[in-house]
Amino acid sequence: MYAKIEAERLLFIRLNQKKLRVDEYIHLKDAITNDSDPADHGKLVILPSTFTGCPRNMHEYAQDAITYVRHGGKKSLFITYTFNPNCKEMTQNLTNGQSKTDRHDLVARIFRQKLIKFMNVLVKGQVFGSVKYWLYSIEWQKRGLPHSHILILLTNTLRPNQIDDIISAEIPNPSTDKNLYDIVIKNMVHGPCGAFNSLSPCLKEGNCSKMYPRQFIKETQFATDGYPLYRRRKPEDGGQTATVKMKSDSVVIDNLCGSYLTVLCF
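Analysis parameters
Residues numbered from 1 in each chain as written. Predicted model: local features only at pLDDT ≥ 70, side-chain atom pairs only at ≥ 80, totals over all residues. Heavy atoms only, no water. Buried < 20%, exposed > 50% of the residue type's maximum accessible area, 1.4 Å probe, protein only. Helix = DSSP H or I, 4+ residues; strand = E, 2+ residues; numbered from the N terminus. Arc of directions from axis to C-beta. Pairing = 2+ DSSP bridges. Axes fitted to C-alpha atoms, helices over the stretch in contact; angles between N-to-C directions. Contact = heavy atoms within 4.5 Å. Polar contact = N/O pair within 3.5 Å; in protein donor to acceptor, adjacent residues only side chain to side chain.

- Per an unreviewed UniProt entry, the recorded name for the protein chain is Helitron helicase-like domain-containing protein, and the organism is Araneus ventricosus.

1. Description of helix H7 (residues 178–187)
Okay, step 1: Buried within H7 we find Tyr181, Val184 and Ile185. One side of H7 holds all its buried residues, which, seen down the axis, span an arc of 95°. Seen from the open side of H7, the exposed residues pointing more than 90 degrees away from its buried face are Asn179 and Lys186.

2. Looking at the pairing of strand E1 (residues 77–82)
Okay, step 1: On E1, burial follows the alternation: Leu77, Ile79 and Tyr81 on one face are buried, whereas Phe78, Thr80 and Thr82 on the facing-out side are not.
Okay, step 2: In this sheet, strand E3 (residues 146–154) lies alongside E1 in antiparallel orientation, the contact comprising 6 bridges. If you follow Tyr81 over to E3, its bridge partner there is Ser148.

3. Comments concerning the sheet that holds strand E2 (residues 131–140)
Okay, step 1: Pairing within the open sheet is antiparallel, and its 3 strands lie in the order E1-E3-E2. Of all the strands in the sheet, just E1 and E2 have a single pairing partner and so form its edges. Taken over all neighbouring pairs, the strand axes of this sheet differ in orientation by 20° on average, direction set aside.
Okay, step 2: Relative to the sheet, helix H3 (residues 55–72) contacts E2 and E3, its axis offset from that of E2 by approximately 155°.
Okay, step 3: The sheet strands contacting helix H5 (residues 104–123) are E1, E2 and E3, and the helix crosses E2 at an angle near 165°.

4. Observations regarding unusual backbone geometry
Okay, step 1: In this structure, Gln126 takes a positive phi of about 50° despite not being glycine.
Okay, step 2: Residue placement: Gln126 occurs in the loop between H5 and E2.
Okay, step 3: The class for Gln126 is partly exposed, based on a relative accessible area of 44%.
Okay, step 4: Positioned with a positive phi, Glu205 is a non-glycine residue whose angle comes to about 55°.
Okay, step 5: Among the structural elements, Glu205 can be located in the loop between strand E5 (203–204) and strand E6 (207–208).

5. A look at the side chain of His147
Okay, step 1: Tracing the chain through its elements places His147 in strand E3.
Okay, step 2: Judged by its relative accessible area of 11%, His147 is buried.
Okay, step 3: Side-chain polar atoms of His147 contact the side chain of Gln141, separated by 3.3 Å.
Okay, step 4: Not counting residues within four places of it along the chain, the set of residues in contact with His147 comprises Thr80, Tyr81, Thr82, Phe111, Ser137, Ile138, Glu139 and Gln141.

And the structure:
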């Protein structure tokens, strides 16, 4: 049905080029002037910026994002929000032996609703404080699942001593937050790779392409390239350990060998 609707929109645009006044588009004039005779390109159809996904539409979004940064300043938070295909909203609506790959419509709708709720928590709930501006883009990964890249500028810029209160790259303490501990161990542990698993997809020429294991760090530091090195404490310094299943064996991991993607602490 979506393909039918999009085909109808494209047909309308192709048959109504004069009504849309495409000959007045600045970029079209430049192309005709600088490139070559438009007659050599066959029948030219220009998509308006209102057509989602076309070059002019993407160009306008990029210009809007640059304008935010120019007037508001650099972002305070960069957040990646990923869809979980095993969420209850997804599993409860699959029927007759269907899998998530059979219902792209469900994946898109559920992710959209969850993203709206997530943004309301961040912006209206002011989890990290008052938000000055925000923007995000949605991408579909090769595995067929969407994720979103979110930029947020806070009214009060975060200070370096606040980073560890908001972002954690360590295994959570199961005695204080068992739910977060279970989520991280189940979904966000990298590896184990290397000697524990020589067939791991992250290995390139025997080395982890994701740069694991990382180094133990007692306090968060800023590297020379501008990226922070998040705190990853040793077990004797207060870091946590966990046991994960690796085929038929059990492997004990810590913040060094079991590093995982950064998570937000609410």
